[in-house]
Amino acid sequence: MNVLGRLGIESPEDGACSGPGNWHAAAGAAVLESRNPANGELLATVRCAGSEDYARVMAVAREAALAWRTVPAPKRGEIVRQIGDALRQHKDALGSLVSLEVGKIKAEGDGEVQEMIDMADFAVGQSRMLYGLTLPSERPDHAMRELWHPLGVVAVMTAFNFPVAVWSWNAFLSAICGNATVWKPSPKSPLTAIAVQKICNGVLERNGAPPVFQLLVDGPENVLARRMVEDPAVDLLSFTGSSRVGRAVASGVAGRFGKYLLELSGNNAIIVDHDADPGLALPSIVFGAVGTAGQRCTTTRRLIVHRSREQELVSSLAAAYAQVKVGDPLEPSTLMGPLVDADAVRAFEATVAAAIAEGAELVCGGKRIEGAGHFVQPTILRARNDMACVQQETFAPILYVMPFDTLEEGIAMNNASRFGLSSALFTRDLRSAERWLSAAGSDCGIANVNIGTSGAEIGGAFGGEKETGGGREAGSDAWKAYMRRQTSTVFHGERPVLAQGLEFRLPG
Ligand code: NAD
């Protein structure tokens, strides 16, 4: 059976799901076409959700959240454990669908599903560790505690480039924390979202659990997404996407005093110092810059290299780039698939042209690859950090190389960016490494030594500073974003006293 058949996907599919067996789409709904970016072939069509679907999904989500919050957290974890197992069974098919729908090579498609499985395992353990605190009260016979409670309905909006993993970072924690989760995927990747929803539905149905996972496939005009931003029924809006859209989302949600979590754009640098091990640096740079065709938030876009190593490193990189096989993402020897769509190819070409006009020097690549599919050449340019093209995030495999003379200068160049997601230093010097990781070092949410900028594990808190949005997802204590904190004091004595020694007695 083909990949779509193995995942139970037909054409057309309804874009809204309120729970198991509850798929719907507005009459006369706009239809999304999901096409393979490697050859333009139609995979399937999806009828977008409309206004009534939105209301229905939100109402069911609210009901489900009310029931789910009373289910003990470890029992909620058990449902997530079963979803993790179902993902294990569907890993090959779902990984292939990621490749078919957004063009990731098969290893990366499978890796994305593995990330979901890892995230499920993590969330299962976390479901027994939603720790509060006990705090010493300043008053006798008083017990003070801090408790964590579910929020209610969490909306998750995702970007095309991690069409399933980012949802799982949010949804599995949100579920063990006791919330219902409504997913609004990218209109560029509706089929992977529908496949995941079907997998979740199977587990919810088998367990008779409340329908705590919902789906709303919105059209490219983002009408329902905008409504979610304004909707006070959304208790947390977790948004992954560009800083441009994230800015509008954040100000909209803040306008209603809502909670939001932002995972936005990056412009990540690797610094290669004079003493770096080339055997470590070279593969990390190539994977970071070329992997996922430069369409990761953590993609290496800036290479800041010690002047004494620049010539040698650029020559080795150009030789390595010549070996990168670009083509069908499902072909095992392919290292770089297509960009997601024709707009992405146009943005790539416009950026290369603008960079050259600004004085950048082309080392290799720079062109689209003619034929079916949205393929481009992996590209290296020598540039300056203050160039407009270098300071923006172009979602394509473009690497800018810039020299530095002292580590202080290199760190300053890394930090001279509006974004603050991922960063890495290659060095053999312990002092340089520690300086990089100190308060005077990298200002990014992720700072690595001797490994590249992309390929984070789920166990750490993931996210970035400045225009990357400040959110943290996945591991560490990221679960706290999906709960509300409550401080409670219980008096168990005979004579209550006020805090701060306050006297307040009624006369007589
Ligand atoms: P995008 O900003 O175009 O779209 C992201 C999501 O926002 C999509 O679901 C889209 O439909 C929705 N959207 C678009 N306009 C909207 C509006 N006005 N109101 C509400 N929602 C709207 O991003 P993209 O092209 O899908 O993804 C690439 C971007 O995402 C890059 O900037 C990348 O760095 C970023 N990203 C960040 C992370 C991270 O964890 N920091 C992870 C993946 C991607």
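Residues numbered from 1 in each chain as written. Predicted model: local features only at pLDDT ≥ 70, side-chain atom pairs only at ≥ 80, totals over all residues. Heavy atoms only, no water.

Caption draft 1: Seen up close, the overall build of the chain. Scanning the chain from N- to C-terminus turns up 15 helices and 24 strands. For the chain, the C-alpha atoms occupy an extent of roughly 85 × 60 × 40 Å along the three principal directions. Evaluated residue by residue, the chain yields a buried proportion of 55% over its 508 residues. For the chain, contacts bridging at least 24 residues in sequence account for 73% of all contacts bridging at least 6. For the chain, the exposed surface amounts to about 20,800 Å²; the carbon and sulfur share of it is 54%. Of note, the chain has its 48 positive side-chain charges centred 4 Å away from the centre of its 56 negative side-chain charges. (Helix = DSSP H or I, 4+ residues; strand = E, 2+ residues; numbered from the N terminus. Buried < 20%, exposed > 50% of the residue type's maximum accessible area, 1.4 Å probe, protein only. Contact = heavy atoms within 4.5 Å. Areas by Shrake-Rupley, 256 points an atom, 1.4 Å probe, with all protein chains shown as cover. Lys, Arg positive; Asp, Glu negative; His and termini not counted. Charge placed at Lys NZ, Arg CZ, Asp CG, Glu CD.)

Caption draft 2: A look at the domain arrangement of the chain. Segmenting the chain into domains produces domain 1 (13-26 + 38-264 + 469-486) and domain 2 (268-457). The C-alpha-based centres of domain 1 and domain 2 are spaced at 31 Å. On the domain 2 side, the residues contacting the 18 residues of domain 1 number 22 residues. Together domain 1 and domain 2 conceal approximately 1,600 Å² of surface at their shared face, both sides included; 63% is due to carbon and sulfur atoms. Counting across the domain 1 and domain 2 interface gives two salt bridges. Two residues, Arg296 and Glu108, come together in a salt bridge whose shortest N-O distance is 3.3 Å. One can count five residue pairs in polar contact (both at pLDDT 80 or more) joining domain 1 with domain 2. Counting only elements with at least two residues in the side of domain 1 that touches domain 2, the list comes to α4 (91-102) and α5 (106-126). Looking at the side of domain 1 that touches domain 2 element by element, the count peaks at four residues for α4. (Domains from an automatic or database assignment. Buried area = accessible area lost by both parts, 1.4 Å probe. Salt bridge = Lys/Arg side-chain N within 4 Å of Asp/Glu carboxyl O. Polar contact = N/O pair within 3.5 Å; in protein donor to acceptor, adjacent residues only side chain to side chain.)

Caption draft 3: Fine view of the site of the ligand. As a matter of local geometry, the ligand sits amid 27 residues, with Thr158, Lys184, Asn222, Ser242 and Glu393 nearest to it. Contacts to the ligand include Lys184, whose side-chain N or O atom sits 2.8 Å from an oxygen atom. Separating a nitrogen atom of the ligand from a backbone N or O atom of Leu264 is a distance of 2.8 Å. Of all elements in the fold, only α8 (223-230), β11 (236-240) and α9 (243-255) reach the threshold of two or more residues within the shell around the ligand. Of the residues in the shell around the ligand, the class split is 14 nonpolar, nine polar and four charged. (Near = heavy atom within 4 Å. Nonpolar A, V, L, I, M, F, W, Y, C, P; charged D, E, K, R; others polar.)

Caption draft 4: Molecular detail of the environment of Ala65. Positionally, Ala65 belongs in helix α2 (residues 51-68). For the pair Ala65 and Arg384, spaced 319 residues apart in sequence, the C-alpha to C-alpha distance is 51 Å. Ignoring sequence-local partners within four residues, the contact set of Ala65 consists of Gly152, Val153, Gly178 and Ala180.

Caption draft 5: The packing of aromatic side chains, seen in detail. By the definition in use, this model includes six aromatic pairs. A centroid spacing of 5.4 Å and a plane angle of 70 degrees characterise the contact between Trp148 and Trp479, whose relative ring orientation is edge-to-face. With Trp148 in strand β7 (residues 142-150) and Trp479 in the loop between β23 (473-474) and β24 (483-491), this pair connects stretches of sequence that are 331 residues apart. By relative accessible area, Trp148 is classed as buried at 13%. With a relative accessible area of 5%, Trp479 lands in the buried category. For the pair Phe160 and Phe395, a centre-to-centre distance of 5.9 Å together with 85 degrees between the ring planes defines the contact as edge-to-face. (Phe/Tyr/Trp six-rings, centres within 6.5 Å; stacked < 30°, edge-to-face > 60°.)

Caption draft 6: Fine view of the pattern of salt bridges. Under the criterion given, the structure shown has 30 salt bridges. Put simply, Asp85 and Arg88 hold a salt bridge, and the shortest N to O gap is 3.1 Å. Taken as a pair, Asp85 and Arg88 lie in helix α3 (residues 73-89) at a separation of three residues, close to a single helical turn. Ionic pairing is found between Arg346 and Asp343, a salt bridge with its closest N-O pair at 2.6 Å. Of the two residues, Arg346 and Asp343 are both situated in helix α12 (residues 342-357); the distance of three residues between them amounts to about one turn of the helix.

Caption draft 7: Inspection of a nonpolar patch on the surface at higher detail. Taken together, the side chains of Leu498, Leu502 and Phe504 define a hydrophobic patch exposed on the protein surface, amounting to about 350 Å² of accessible area. Within the secondary structure layout, Phe504 lies in the segment after β24. Judged by its relative accessible area of 68%, Phe504 falls in the exposed class. (Patch = residues over 30% accessible without salt bridge, like charges linked within 9 Å, V, L, I, M, F, W, Y side chains within 5 Å.)

Caption draft 8: Inspection of the sheet that holds strand β13 (residues 268-272) at higher detail. Here we have seven strands laid out as an open sheet, ordered β15-β16-β17-β14-β13-β19-β20, and mixed in their pairing. The sheet is open, and its two borders are formed by β15 (361-364) and β20 (446-449), each paired with just one other strand. Within the sheet, the average angular offset between the axes of one strand and its neighbour, ignoring direction, is 25 degrees. The pairing of β13 with strand β19 (residues 422-426) spans four bridges and is parallel. (Pairing = 2+ DSSP bridges. Axes fitted to C-alpha atoms, helices over the stretch in contact; angles between N-to-C directions.)

Caption draft 9: Geometry of the pairing of strand β10 (residues 213-216). Of the two faces of β10, the one lined by Phe213 and Leu215 and the one lined by Gln214 and Leu216 are each fully buried. Where strand β2 (residues 16-17) lies against β10, two bridges are found, and the strand directions are antiparallel. Its bridge partner lying in β10, Cys17 is registered against Leu215. Tracing the backbone out of strand β9 (residues 180-184), into helix α7 (residues 190-207) and back to the parallel element β10 gives a crossover that is right-handed. (Right-handed = clockwise from strand over helix to strand, strands pointing away.)

Caption draft 10: The arrangement of the side chain of Asp53 in detail. Tracing the backbone shows Asp53 in helix α2. One buried charged residue, Asp53, forms no salt bridge at all, with the nearest opposite charge on Arg56 at 5.2 Å. Not counting residues up to four positions away in its chain, the partners in contact with Asp53 are Ala16, His24, Ala25, Ala26, Cys48 and Leu216.

Caption draft 11: Expanded view of the sheet that holds strand β4 (residues 31-35). Reading across the sheet, the three strands line up as β1-β5-β4 and stay open at both edges, with mixed pairing between neighbours. What marks the edges here is a single partner per strand, and that holds for β1 (13-14) and β4. Where β4 and strand β5 (residues 42-47) come together, five bridges link them in antiparallel fashion. Note that in β5 the partner of Ser34 across the bridge is Ala44. The sheet contacts of α7 involve β1, β4 and β5, and relative to β5 the element is tilted by about 70 degrees.

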